[in-house]
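Spelled out, the chains give:
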Amino acid sequence: MTRLTVAAPLVAVLLATGCAAGPATDPPAPPATAVPAPDHSALRTPSGLDLIFLGMMAAHTEQTLEMVRLTRDRIADQELRTLVAAIGATETDELATMRAWLRAAGPAADRHRHDHAGHGLSAADLARLRDATGAEVDRVLREVLARHQRAAADLARAHLTAGTDERVRDLARRIERSRTAEVRLLTGRPAASR
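Below you will find a few notes about this structure. (Residues numbered from 1 in each chain as written. Predicted model: local features only at pLDDT ≥ 70, side-chain atom pairs only at ≥ 80, totals over all residues. Heavy atoms only, no water.)

**Quick look at the overall build of the protein**
- When helices and strands are tallied, the protein shows seven helices and zero strands.
- Secondary structure elements in the protein, listed N-terminal to C-terminal, are α-α-α-α-α-α-α.
- The buried share among the 194 residues of the protein stands at 44%.
- Considering only contacts in the protein between residues 6 or more positions apart, those separated by 24 or more positions represent 82%.
- If you sum the accessible surface of the protein, you get close to 9,700 Å²; carbon and sulfur atoms cover 59% of it. (Helix = DSSP H or I, 4+ residues; strand = E, 2+ residues; numbered from the N terminus. Buried < 20%, exposed > 50% of the residue type's maximum accessible area, 1.4 Å probe, protein only. Contact = heavy atoms within 4.5 Å. Areas by Shrake-Rupley, 256 points an atom, 1.4 Å probe, with all protein chains shown as cover.)

**Let's talk about the pattern of salt bridges**
- Across all of its chains, the model carries 17 salt bridges by this definition.
- In this structure, Arg179 and Glu94 form a salt bridge, with 2.4 Å as the shortest nitrogen-oxygen distance. Linking Arg179 in helix α7 (residues 166-187) with Glu94 in helix α3 (residues 78-105), this pair joins segments that are 85 residues apart in sequence. Taken as a pair, Arg179 and Glu94 share a single burial class, namely buried. (Salt bridge = Lys/Arg side-chain N within 4 Å of Asp/Glu carboxyl O.)

**Considerations on the side chain of Arg169**
- Note on placement: Arg169 falls in helix α7.
- Exposure remark for Arg169: the relative accessible area of 19% places this residue in the buried category.
- Side-chain polar atoms of Arg169 contact the side chain of Glu166, separated by 3.3 Å.
- Ignoring any residue separated from it by four or fewer positions in sequence, one finds Arg169 in contact with His159, Leu160, Thr161, Gly163 and Thr164. (Polar contact = N/O pair within 3.5 Å; in protein donor to acceptor, adjacent residues only side chain to side chain.)

**Here we look at the nonpolar core**
- In terms of nonpolar packing, the biggest core is built from 20 residues, with Phe53, Leu54, Met57, Met98, Ala156, Leu171 and Ile175 touching the most fellow members.
- Among the secondary structure elements, those contributing two or more residues to this core are α2 (48-71), α3, α6 (135-159) and α7.
- With eight residues, α2 is the largest single contributor of residues to this core.
- Not counting residues within four places of it along the chain, the set of residues in contact with Phe53 comprises Leu155, Ala156, His159, Val168, Ala172 and Ile175.
- Within the second largest apolar cluster, 19 residues are counted, among which are Ile75, Leu126, Ala132 and Ala146. (Core = buried A, V, L, I, M, F, W, Y, C linked by side-chain atoms within 4.5 Å.)

**Regarding the packing of α2 against α7**
- The contact between α2 and α7 brings their axes to 11 Å, and the two run at 35 degrees. Note that α2 runs across α7; the crossing there is left-handed. Each of Asp50, Phe53, Leu54, Met57 and Thr61 in α2 lies in contact with α7, whose residues at this interface are Val168, Leu171, Ala172, Ile175 and Arg179.
- Of the residues assigned to the contact of α2 with α7, the class counts are seven nonpolar, one polar and two charged. (Axes fitted to C-alpha atoms, helices over the stretch in contact; angles between N-to-C directions. Left-handed = near helix turned anticlockwise from the far one by under 90°. Nonpolar A, V, L, I, M, F, W, Y, C, P; charged D, E, K, R; others polar.)

**A look at α3**
- If you check α3, its first and last C-alpha atoms are 41 Å apart, about what 28 residues at 1.5 Å a residue would give, namely 40 Å.
- For α3, the side-chain oxygen to backbone nitrogen distance between the N-cap and Glu79 is 3.1 Å, and the N-cap itself is Asp77.
- Note on α3: the residue one or two positions beyond its end, Gly106, has a positive phi of about 65 degrees. (Expected span 1.5 Å × (residues − 1).)

**A look at the packing of helix α5 (residues 123-131) against α6**
- Their axes nearest at 9 Å, the elements α5 and α6 cross at an angle of 155 degrees. Accordingly, the angle class assigned to the pair α5 and α6 is roughly antiparallel. Between α5 and α6 the crossing geometry is left-handed. Across the interface between the two elements, Asp125, Arg128, Leu129 and Asp131 of α5 pack against Glu136, Arg139, Val140, Leu141, Glu143, Val144 and Arg147 of α6. (Parallel < 35°, antiparallel > 145°, perpendicular 65-115°, else oblique.)

Spelled out as structure tokens, the structure:
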């Protein structure tokens, strides 16, 4: 099967469902291996699919960081506050990496730029987060952030099947693992035995 044969359906998946906030299934447990630190150097030969993924994930990450900014000083639950701080730190670093790779790709990245409006974090969800008070902040944040991180895990998982640049695939792998773990923590659902 050629890469183009795989690419067309993946683009459809990435654009149609990658950022949707629908339910996700748990992925198989990854093997226990050390994850190397990200390589912040420029991409050598990114495919259009790698650039689409980076653009979509960068936009998705910007939305996550907006949620962090809106709520971090209003979270009552200390464990949730710690988790949100960790998410903010991790995703700030990931966003810097994605932006650097997109800049290095030059005009090719512009051809694959993705407008995240219309899916991902909705204006209604942002309003709910802004307007929440007291214990409602924690509840609304858990609900909205879990749905958002599940969508990021789905997008990353979809990219693993057709991405060509190994550094982008490594980033997708790390995103899929971390967002899946975050969803479990946000929903209070224990990891399923595999």
